[in-house]
There are 2 protein chains.
Amino acid sequence: MIRGKASIEFENPPHILGSGSIVGQKEGEGPLGAFFDEVSEDPFFGQDSWEAAESAMQRRAAQIAIEAAGLTREEIRYSFAGDLLGQLITTSFGLIDLQLPLFGLYGACSTMGEALCLGAMTQAAGYAGRVLCLASSHFASAEKEFRFPLGYGTQRPESTTWTVTGCGAIILGSSGGAVKITGVTHSKIEHLGVKYSMSMGAAMAPAAADLIMQNLIDFDITPDYYDWIYTGDLGKVGQRALIDLLKEEGVCLEGFHRDCGIEIYDAAQQDTHAGGSGCGCSAVTLCAQILPRMREGRWKRILFIPTGALLSTVSFNEGQPIPGIAHGVMLERV
Amino acid sequence: MIRGKASIEFENPPHILGSGSIVGQKEGEGPLGAFFDEVSEDPFFGQDSWEAAESAMQRRAAQIAIEAAGLTREEIRYSFAGDLLGQLITTSFGLIDLQLPLFGLYGACSTMGEALCLGAMTQAAGYAGRVLCLASSHFASAEKEFRFPLGYGTQRPESTTWTVTGCGAIILGSSGGAVKITGVTHSKIEHLGVKYSMSMGAAMAPAAADLIMQNLIDFDITPDYYDWIYTGDLGKVGQRALIDLLKEEGVCLEGFHRDCGIEIYDAAQQDTHAGGSGCGCSAVTLCAQILPRMREGRWKRILFIPTGALLSTVSFNEGQPIPGIAHGVMLERV
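Residues numbered from 1 in each chain as written. Chains lettered and ligands numbered in written order. Predicted model: local features only at pLDDT ≥ 70, side-chain atom pairs only at ≥ 80, totals over all residues. Heavy atoms only, no water.

Give a detailed account of the overall build of chain A, specifying residues and quantitative values.
The secondary structure content of chain A amounts to eleven helices and 16 strands. Along the three orthogonal principal directions, the C-alpha set of chain A runs to about 50 × 50 × 35 Å. When each of the 334 residues of chain A is scored for burial, the buried share is 67%. Within chain A, contacts between residues separated by at least 24 positions form 78% of all contacts whose residues are at least 6 apart in sequence. On chain A, the mean spot of the 24 positive side-chain charges and the mean spot of the 38 negative ones are 4 Å from each other. (Helix = DSSP H or I, 4+ residues; strand = E, 2+ residues; numbered from the N terminus. Buried < 20%, exposed > 50% of the residue type's maximum accessible area, 1.4 Å probe, protein only. Contact = heavy atoms within 4.5 Å. Lys, Arg positive; Asp, Glu negative; His and termini not counted. Charge placed at Lys NZ, Arg CZ, Asp CG, Glu CD.)

Shown next, in the form of structure tokens:
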């Protein structure tokens, strides 16, 4: 069951029974627009604060996923979820009405990976029949938490990414659905000294590279084992760094790599610079692009690696570097 | 293995192989002073910011626990850890040098319970030989995050608790040590409408009551099954609320309840009002009071329930209530 140094292979792989995605207008206008379960033109999602808006997205995504799995709330045993805000207030208030035990998770933008890993480990061990895994981000709540008031209209360098307004939710169970989770791999916390918070893709690339190398070693495979290796939100700058880092290790990733942050926007048309980011980025791209293509049978195996940049405004202002983390999930068509 | 509605009973209970605790001067002057592994008179723990000080405590507590277990860093497979600060920066920077995969957790002051639950679930399922579970808080970093600059010397009402400066760490493995984790129980997110952030014990009591009721039902036991039921940091106000809530359910907790927040300080002498709080409170009380007395054979069974108040300055200022959460760990003398 333990594979190599940092992986687990499941004897009874959890199946993805249902998924739900909800996004904002900008994401709806992007290349994946037609594939999200819901697109809201109201950035407040009917609420009166950005935080409450993000919580409303969580409630709706969870509901869509539970319904897609043909289940009711009472048939789910645990929730594994998180967001980017201090003290995870989006998640606490977003999921309170579900009345489920909550494991609150923080892995920065890797949170959907952390949730799927722990959810799959819990389900596969027989601790739960079904679990909910969820992560969200909201452009405006993230700007408020990490950067400048929106009204300032601050200019953004080309290396920045745009925080996705979106929430993705997944229900895992023992059978049913077309996609299963066969294994997981975890990175260490990695940093190469990047301190520039406007280039988070570069900060996260080392953790993604560590995870990919470890996955290939632990399962004794090469990148062509997968249809695609999907990182979370490295964007164009981080993708370049990742490919270069792996080339140094003798691994050629070109032709096997996609990044949720690059897929979700049309950067040239939508002025999103290096790509999308935020916990919601990989979560909704999983639901709207990866899983549908696997269900259609177009792709058989995906390594899904949400990546996170471990910083806060306090750590940044105190001169700390930006370490990266990654949680990898091996998806396979049943 | 699944017990009842919200519990797990382990077929192969993980054992506590080692523990480590480090605290600040005030905690060192309290009733448990002689039982902590280390007391530092320097509130900065040799660092130059409160956040770095808290990270230094984490490094040291992890090191003490790993040494107490007779292990090296390389023999630990995963870390489960968290703190109170936005984006968990204490933990990210505190544990980076361990070079272990990290599951970042946020359960407010219940985080040590969340870490022990997920760590035990992971170890018992055979996903890891040994895991590290850790949580910390620091009075000054918490005041900076949640309240007023220390220099203001703000007055505190009698219902407030004092954030513990401390970090507790536990190593779990399959055999060895005198205490094992036989099961876990989780609460739902509960609130009865408490909005007053200076009375967090009252805000957390409903979750603790829910968890205790569920544990007694799931395992078909009464409170006298345990030597003590230990909550995390309800303090005197929360303890009263908990006892009253359970009385309404027909459960008499008097004579079976202790609270880490009450145990850790001499409130009358130390001016800590309702008691101690913070992730570190239950974590270090576990290491310095509960485990030693179990190892000595004085106590056989403890239900350890770290409790958390799910709020941030943003949610408070936006008028949200303070929901509570709890994670329960069943400890038993081997």
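Could you give an account of the relation of the copies chain A and chain B, with specific residues and numbers?
Mapping one chain copy onto the other needs a rotation about an axis and a shift along that axis. Superposition of chain A onto chain B requires a rotation of 180° combined with a translation of 0.0 Å along the rotation axis, giving an RMSD of 0.0 Å. The transformation relating the two chain copies, once decomposed into turn and shift, fits a two-fold axis. (Least-squares fit on C-alpha atoms with pLDDT ≥ 70 in both.)

Tell me about the pairing of strand β5 (residues 78-82) of chain B, residues and numbers included.
Residues and elements named next belong to chain B. For β5, the buried fraction is high: five of the five residues fall into the buried class. Where β5 lies against strand β6 (residues 102-104), three bridges are found, and the strand directions are parallel. Residue pairing for β6: alanine 81 is matched across the bridge by glycine 104. Remark: the β5/helix α3 (residues 89-95)/β6 crossover connection has right-handed handedness. (Pairing = 2+ DSSP bridges. Right-handed = clockwise from strand over helix to strand, strands pointing away.)

Break down the packing of helix α4 (residues 111-124) of chain B against helix α10 (residues 279-295) of chain B for me, citing the residues and quoting the values.
All names here are of chain B. Where α4 meets α10, the closest approach of the two axes is 7 Å, and the angle between their N-to-C directions is 60°. By the criterion of interaxial angle, the relationship of α4 to α10 is oblique. Between α4 and α10, the contacting residues are Thr111, Met112 and Leu116 on the first element and Cys279, Ser282, Ala283 and Leu286 on the second. By residue class, the composition of the contact of α4 with α10 is five nonpolar, two polar and no charged. (Axes fitted to C-alpha atoms, helices over the stretch in contact; angles between N-to-C directions. Parallel < 35°, antiparallel > 145°, perpendicular 65-115°, else oblique. Nonpolar A, V, L, I, M, F, W, Y, C, P; charged D, E, K, R; others polar.)

Hey, could you go over the interface of chain A and chain B for me, with residue numbers and the actual values?
If you look at the interface, chain A gives 63 residues, while chain B gives 63 residues. Summing both sides of the interface, chain A and chain B together bury roughly 4800 Å²; the carbon and sulfur share of this comes to 64%. Taken together, the links from chain A to chain B amount to two salt bridges. Lys144(B) is the salt-bridge partner of Glu318(A), the closest N and O atoms lying 3.3 Å from each other. Seen at the junction of chain A and chain B, the total is 24 residue pairs in polar contact (both at pLDDT 80 or more). For the side of chain A that touches chain B, the leading source of residues is helix α4 (residues 111-124) of chain A, giving seven residues. In terms of residue class, the side of chain A that touches chain B is made up of 35 nonpolar, 18 polar and ten charged. (Buried area = accessible area lost by both parts, 1.4 Å probe. Salt bridge = Lys/Arg side-chain N within 4 Å of Asp/Glu carboxyl O. Polar contact = N/O pair within 3.5 Å; in protein donor to acceptor, adjacent residues only side chain to side chain.)

Hey, could you go over the pairing of strand β3 (residues 15-23) of chain A for me, with residue numbers and the actual values?
Look at any regular strand and the pattern is simple: side chains alternate between the two faces of the sheet. Residue and element names in this part refer to chain A. In terms of residue burial, β3 counts as a mostly covered element, since nine of its nine residues are buried. When β3 meets strand β10 (residues 179-186), the two strands line up antiparallel, connected through two bridges. Note on β10: the bridge partner recorded for isoleucine 16 is valine 179. Where β3 and strand β9 (residues 166-173) come together, eight bridges link them in antiparallel fashion. Along β9, the bridge assignment pairs glycine 18 with isoleucine 171. Sheet analysis places β3 next to strand β4 (residues 38-39), joined by two bridges and oriented parallel. Each residue of the ladder has a partner; that of isoleucine 22, found in β4, is glutamate 38.

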